[in-house]
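Structure at a glance
If you want the building blocks of each chain, they are given just below.
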Amino acid sequence: MKPLNIGLIGYGFMGRTHSNGYKRVNDFFPELQHRPVLKAVCGRSAEKVQAFADQWQYESIETDWRALIARDDIDAVDICTPNNFHAEIAIAAAEAGKMILCEKPLALNPEEGEKMIAAVEKAGVVNTVWYNYRRAPAVTMAKQLIDEGRLGRVFHYRANFLQDWTISDDVPQGGAALWRLDVAAAGSGVTGDLLAHCIDTAIWLNGSIKDVSAMTETFVKERMHTETGKMEPVGIDDACAFLCHFENGSLGLFESTRYARGHKALYTFEINGENASIRWDLQDLHRLEYFDHNDEGKLRGWRSIHVTDHGGEHPYMDKWWVPGLQIGYEHTFVHHVADFLKALEAGEEAHPNFRDAQETQRVCDAVLTSASERNWKQVCPDFFCDSTGNPPFFERGI
């Protein structure tokens, strides 16, 4: 088994989930030819990063990400930093010939995303973005059912991602723990943090999004900034909702907020087709709800499929426990690592890669622009759109 030396940059919540994925993957996917080795972890505080390294058994630490990338004993760089560092680190890692696993969203904006794509494609390095919900077995099964044509023509896709942790105006912005509320570090609020997950899943399941009409709101206009100690304007979106058209002709409805009291992480989607419908709930993530109009009339109704069976019919589950016993959130990261290693061993692209994630980035950008300008915006096929959000003149036949 070949070692794959991991260099992790960032040691917060996502650093923990990724580390767990690396540590467990060979236990449950023994056929893999590579074994992740927790070679080094990097953070700005030597004391804190050493404590993380001790807990997760990383062999060494760095306090400068450039030093980590420069090391000859690092094969793959895992970026778990705030969003404003993604591009600089990823480009440097690609130039150093490292494989890259980057947290979502890909970048602060599509322009940064294009530079990242150019860097990894020029270097020819394997890359992926951690949109982990694709790897929930029930979501993967939904993909299979759609690809088999069971839903028929799709009419509607709706999704939401609801939280409630920023309602108090006493919650500050900025710093290591609350950078997601600082627009300079995050780029956006719920659009890039929560809706990006919804959008990636939607594109994977239902195809590309053509155009959007959005609204956003920042409910608390000023917050204390952790780093300056001063009250400063809040630049991120606390809530966002948008309508869209998919390329396949279906309609989309998306909503996300951090102001839905009582919801900690309610992520759901439902897809309505000509013949059948499916729906999924993160808080019941091992179940897929399914309605088939072809069922006999007196028995027709929503069924709850417990996605835990073996034999290959339920994705990933033959790697875990006996049928009927469920798995959880952390296992989606184990699956992502396994699929990344399988792609590496097969000489194939690992998905979602940077180019896949850039499509989500462009949708997020169109959503924020639409909300700001209060009009419909076309999702640009690449970042060469003009200032109005329209594609280049030659694509419009002008």
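Residues numbered from 1 in each chain as written. Predicted model: local features only at pLDDT ≥ 70, side-chain atom pairs only at ≥ 80, totals over all residues. Heavy atoms only, no water.

Okay, the overall build of the protein next. When you go through the protein residue by residue, the secondary structure sums to 10 helices and 17 strands. The dimensions of the protein, computed from C-alpha atoms along their principal axes, are 65 × 50 × 50 Å. Taken over 398 residues, the protein has a buried fraction of 55%. For the protein, long-range pairs separated by at least 24 residues make up 67% of all intrachain contacts whose partners lie at least 6 apart in sequence. (Helix = DSSP H or I, 4+ residues; strand = E, 2+ residues; numbered from the N terminus. Buried < 20%, exposed > 50% of the residue type's maximum accessible area, 1.4 Å probe, protein only. Contact = heavy atoms within 4.5 Å.)

Moving on, we get to the sheet that holds strand β14 (residues 276-281). Reading across from one edge, β16-β15-β14-β13-β7-β12-β11-β8-β17 is the order of the 9 strands in this open sheet, with mixed pairing throughout. Unpaired on one side and paired on the other, β16 (303-306) and β17 (377-378) mark the two borders of the sheet. Bridging between strand β13 (residues 266-273) and β14 involves 5 bridges; their strand directions are antiparallel. From the neighbouring strand, Phe 269 faces β14, where its bridge partner is Trp 280. Each of β8 (209-217), β11 (239-246) and β17 touches helix α10 (residues 354-373); the most contacted strand, β8, lies at about 50° to it. (Pairing = 2+ DSSP bridges. Axes fitted to C-alpha atoms, helices over the stretch in contact; angles between N-to-C directions.)

With that settled, the discussion passes to the nonpolar core. If you look at the biggest cluster of nonpolar residues, it comprises 75 residues, and the most contacted ones within it are Phe 254, Trp 280 and Phe 354. Sort the elements by how many residues they give to this core and helix α8 (residues 190-206) lands first, with 9 residues. Each residue touching Phe 254, except ones within four places of it in the same chain, is listed here: Tyr 157, Ala 159, Leu 195, Cys 198, Ile 199, Ala 202, Ile 209, Cys 240, Ala 241, Phe 242, Cys 244 and Phe 246. Ile 6, Ala 76, Trp 320 and Ala 350 belong to the second largest nonpolar core, which has 35 residues in total. (Core = buried A, V, L, I, M, F, W, Y, C linked by side-chain atoms within 4.5 Å.)

So, on to the pairing of strand β1 (residues 2-9). Strand residues, when the strand is regular, have side chains that alternate between the two faces of the sheet. When you tally the buried positions in β1, you get 6 out of 8 residues, the bulk of the element. Strand direction decides the pairing type here: β1 and strand β2 (residues 34-42), joined by 8 bridges, are parallel. Each bridged residue has a counterpart across the sheet, and for Ile 9 the counterpart in β2 is Cys 42. The β-α-β motif built from β1, the intervening helix α1 (residues 13-28) and the parallel element β2 has right-handed crossover chirality. Where β1 and strand β4 (residues 76-79) come together, 4 bridges link them in parallel fashion. Following the sheet pairing, Leu 8 is matched in β4 by Asp 78. (Right-handed = clockwise from strand over helix to strand, strands pointing away.)

With respect to topology, 6 strands assemble into an open sheet ordered β3-β2-β1-β4-β5-β6, the strand pairing being parallel. Both outer strands of the open sheet, β3 (60-62) and β6 (127-129), are each paired with one neighbouring strand and no more. Averaged over neighbouring strand pairs, the angle between their axes works out to 25° when direction is ignored. Packed on one face of the sheet, α1 meets β1, β2, β4 and β5 (99-102) and runs near 150° to β2. Packing of α10 onto the sheet brings it into contact with β5 and β6, and relative to β6 it is tilted by some 35°.

So, about the confidence of the model for the protein. On average, the protein scores 95 in pLDDT, and the residues at 70 or more come to 96%. Across residues 391-398, where pLDDT falls below 50, the model places 12 contacts with residues more than four positions away in sequence or in other chains. (pLDDT = per-residue confidence, 0-100.)

Our focus in this paragraph is α10. Because the α-helix completes a turn every 3.6 residues, residues three or four places apart line up on one side. A rise of 1.5 Å per residue sets the reference length of α10, with its 20 residues, at 28 Å; its end C-alpha atoms lie 28 Å apart and thus fit the reference within 8%. At the N-terminal boundary of α10, the capping side chain belongs to Asn 353, with an oxygen 3.1 Å from the backbone nitrogen of Arg 355. (Expected span 1.5 Å × (residues − 1). Polar contact = N/O pair within 3.5 Å; in protein donor to acceptor, adjacent residues only side chain to side chain.)

Another point: the side chain of Thr 128. For Thr 128, the location among the structural elements is in strand β6. Judged by relative accessible area, Thr 128 falls into the buried class, the value being 0%. At 2.9 Å, the side chain of Thr 128 and the backbone oxygen of Pro 352 are in polar contact. Sequence-distant contacts of Thr 128, defined by excluding residues within four places in its chain, comprise Ile 100, Leu 101, Cys 102, His 336, Phe 340, Ala 350, His 351, Pro 352, Asn 353 and Phe 354.

Quick look at the pattern of salt bridges now. By the definition in use, this model includes 22 salt bridges. Across the pair Asp 64 and Arg 66 runs a salt bridge, and its minimum N-O distance is 3.7 Å. The exposure class of Asp 64 is partly exposed, given its relative accessible area of 33%. Measuring nitrogen to oxygen at the nearest pair gives 2.8 Å for the salt bridge that ties Glu 217 to Lys 221. (Salt bridge = Lys/Arg side-chain N within 4 Å of Asp/Glu carboxyl O.)

This part covers unusual backbone geometry. With an omega of -10°, the peptide bond running from Lys 104 to Pro 105 counts as cis. You can see Pro 105 is positioned in the loop between β5 and α5 (110-123). The linkage connecting His 351 with the following residue, Pro 352, adopts the cis geometry, with an omega of -5°. If you check the backbone angles, Tyr 316 has positive phi at about 70° while not being a glycine. Tracing the backbone shows Tyr 316 in the loop between β16 and α9 (329-346). The class for Tyr 316 is buried, based on a relative accessible area of 15%. For Arg 374, which is not a glycine, the phi torsion comes out positive at approximately 55°.

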